[in-house]
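# Observations on the model geometry
Here is what each chain is made of, one letter per residue.
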Amino acid sequence: MSEPITGQAAVDSLVELLDLAPVDELVFRGQNPPIGPPRVYGGQVAAQALVAGGRTVDPSRHVHSLHGYFVRAGNMAEPIDYHVEKIRDGRSFSVRRSVAMQRGKPIFLMSASFQVREEGLDHHDPAPVDVPGPDELPTMADRLSPYPERLGIWKILPRPMDVRYVDEPGWVRPGKRVANDLQRVWMRLDGKLPDDPLLHACALTYLSDLTLLDAVLSVHGEVWGPGGVIGASLDHALWFHRPFRADEWFLYDCASPSASGSRGLATGRMFTRDGRHIATAAQEGLLRPVGA
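Residues numbered from 1 in each chain as written. Predicted model: local features only at pLDDT ≥ 70, side-chain atom pairs only at ≥ 80, totals over all residues. Heavy atoms only, no water.

As annotated in an unreviewed UniProt entry, the chain carries the name Acyl-CoA thioesterase 2 and is attributed to Catellatospora methionotrophica. What UniProt records for the chain under Catalytic activity (unreviewed entry) is the sentence "a fatty acyl-CoA + H2O = a fatty acid + CoA + H(+)". Under the heading Sequence similarities (unreviewed entry), UniProt records this for the chain: "Belongs to the C/M/P thioester hydrolase family." (UniProt positions renumbered as here; feature names shortened; annotations may be inferred.)

Here is the structure:
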């Protein structure tokens, strides 16, 4: 079995994945990676939807929030068409709606708002303290090496990101994870991105869906897969607060305020290494126990 693509080569493949082809003025076509799980990864479709919306906005306006709903599983074997609706262009804000379509049916809906740069009040909560830095933590590959049977297709998927859990991830064996009300993960793209703010926002959107729902499982010491839980994202919201680079380390500080009715809610704050709060995410997911 060949080793997965990592580092700059994997990041370049992600950049290519986010470079949608124009079909007409308000329709863009996105491809899927050649290797992947049966369903399209939610972070990919959200990032591509933001690319589509952002392509129709003046570059001087930067995305500050997005809100999306996952309505159908995406088919990896087919391209995805993104239909953009220009909701409004005001003096300071632009609003776009992107609908991801396959076989004539929507699989994802997103509204995104873009703003010109403005000065105003500025404050944020302090970053968590006493958290080990990414260089002090094992890589995801090191974390999971004792559990090769838990990897499945993840053994061959491209890895454009470097993810370092502060505590045990949700991919260990059942019974190997201690319950924890907080889940903290350092992450970044594992290579350099071009200096395009929209591309960095789309890359952060891609990363934001990767570990967020794991915070719900962490509260209960649960894990993903056989003997644990299976899940799917239902919706996703992301607010961008300050400029950042997705190819530099940020701490994803996540928690779950509630879980009930086979659904779990997770929230996450993102902080740079120097403590700036760059973004906040929220997501609800469908979570169901699965037998061993």
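Let's shift gears to helix 2 (residues 42–54). In this model helix 2 runs 18 Å from its N-terminal to its C-terminal C-alpha over 13 residues, within 8% of the 18 Å that 1.5 Å per residue would give. Summarising burial for helix 2: 13 of the 13 residues are buried, a large majority. (Helix = DSSP H or I, 4+ residues; strand = E, 2+ residues; numbered from the N terminus. Expected span 1.5 Å × (residues − 1). Buried < 20%, exposed > 50% of the residue type's maximum accessible area, 1.4 Å probe, protein only.)

This next bit is on the UniProt feature "domain: Acyl-CoA thioesterase 2 C-terminal" (unreviewed entry) in the chain. The residues that UniProt annotates with the feature "domain: Acyl-CoA thioesterase 2 C-terminal" (unreviewed entry) are residues 174–286. Taken end to end, residues 174–286 is 17% helix and 45% strand, and its first and last C-alpha atoms sit 19 Å apart.

As enumerated under the stated definition, the model contains 19 salt bridges in all. Note that R245 is salt-bridged to D195, the shortest N-O span being 2.6 Å. Here R245 is found in the loop between strand 9 (229–240) and strand 10 (250–260), whereas its partner D195 is found in the loop between strand 8 (182–189) and helix 4 (197–208), with 50 residues between them in sequence. On the basis of relative accessibility, which here comes to 67%, the residue D195 falls in the exposed class. A salt bridge links R263 to E284, with the nearest nitrogen and oxygen atoms 3.0 Å apart. Separated by 21 residues along the polypeptide, R263 in strand 11 (residues 263–272) and E284 in strand 12 (residues 277–289) bring together distant segments of the chain. Given the relative accessible area of 36%, R263 is considered partly exposed. On the accessibility criterion, E284 (23% relative accessible area) is partly exposed. One salt-bridge network, in which partners are shared between bridges, spans D125, R184, D253 and R269. (Salt bridge = Lys/Arg side-chain N within 4 Å of Asp/Glu carboxyl O.)

Next up on the list: the packing of aromatic side chains. Throughout the structure, instances matching the rule amount to 4 aromatic pairs. Plain terms: the ring middles of F70 and F108 are 4.8 Å apart, the flat faces sit at 45 degrees to each other, and that makes the pair tilted. Here F70 is found in strand 3 (residues 61–70), whereas its partner F108 is found in strand 6 (residues 105–116), with 38 residues between them in sequence. Grouping residues by exposure puts F70 and F108 together as buried. (Phe/Tyr/Trp six-rings, centres within 6.5 Å; stacked < 30°, edge-to-face > 60°.)

A few words on the sheet that holds strand 7 (residues 161–165). Overall, antiparallel pairing links the 12 strands, which are arranged 1-2-4-5-6-3-9-12-11-10-8-7 in an open sheet. Both outer strands of the open sheet, strand 1 (21–24) and strand 7, are each paired with one neighbouring strand and no more. Sheet twist, expressed as the average angle between the axes of neighbouring strands with direction ignored, equals 25 degrees. With 5 bridges connecting them, strand 7 and strand 8 associate as antiparallel partners. By the bridge assignment for strand 8, M161 is matched with L189. Across the face of the sheet, helix 2 comes into contact with strand 2 (27–30), strand 3, strand 4 (80–89), strand 5 (93–102), strand 6 and strand 9 while running at roughly 50 degrees to strand 6. (Pairing = 2+ DSSP bridges. Axes fitted to C-alpha atoms, helices over the stretch in contact; angles between N-to-C directions. Contact = heavy atoms within 4.5 Å.)

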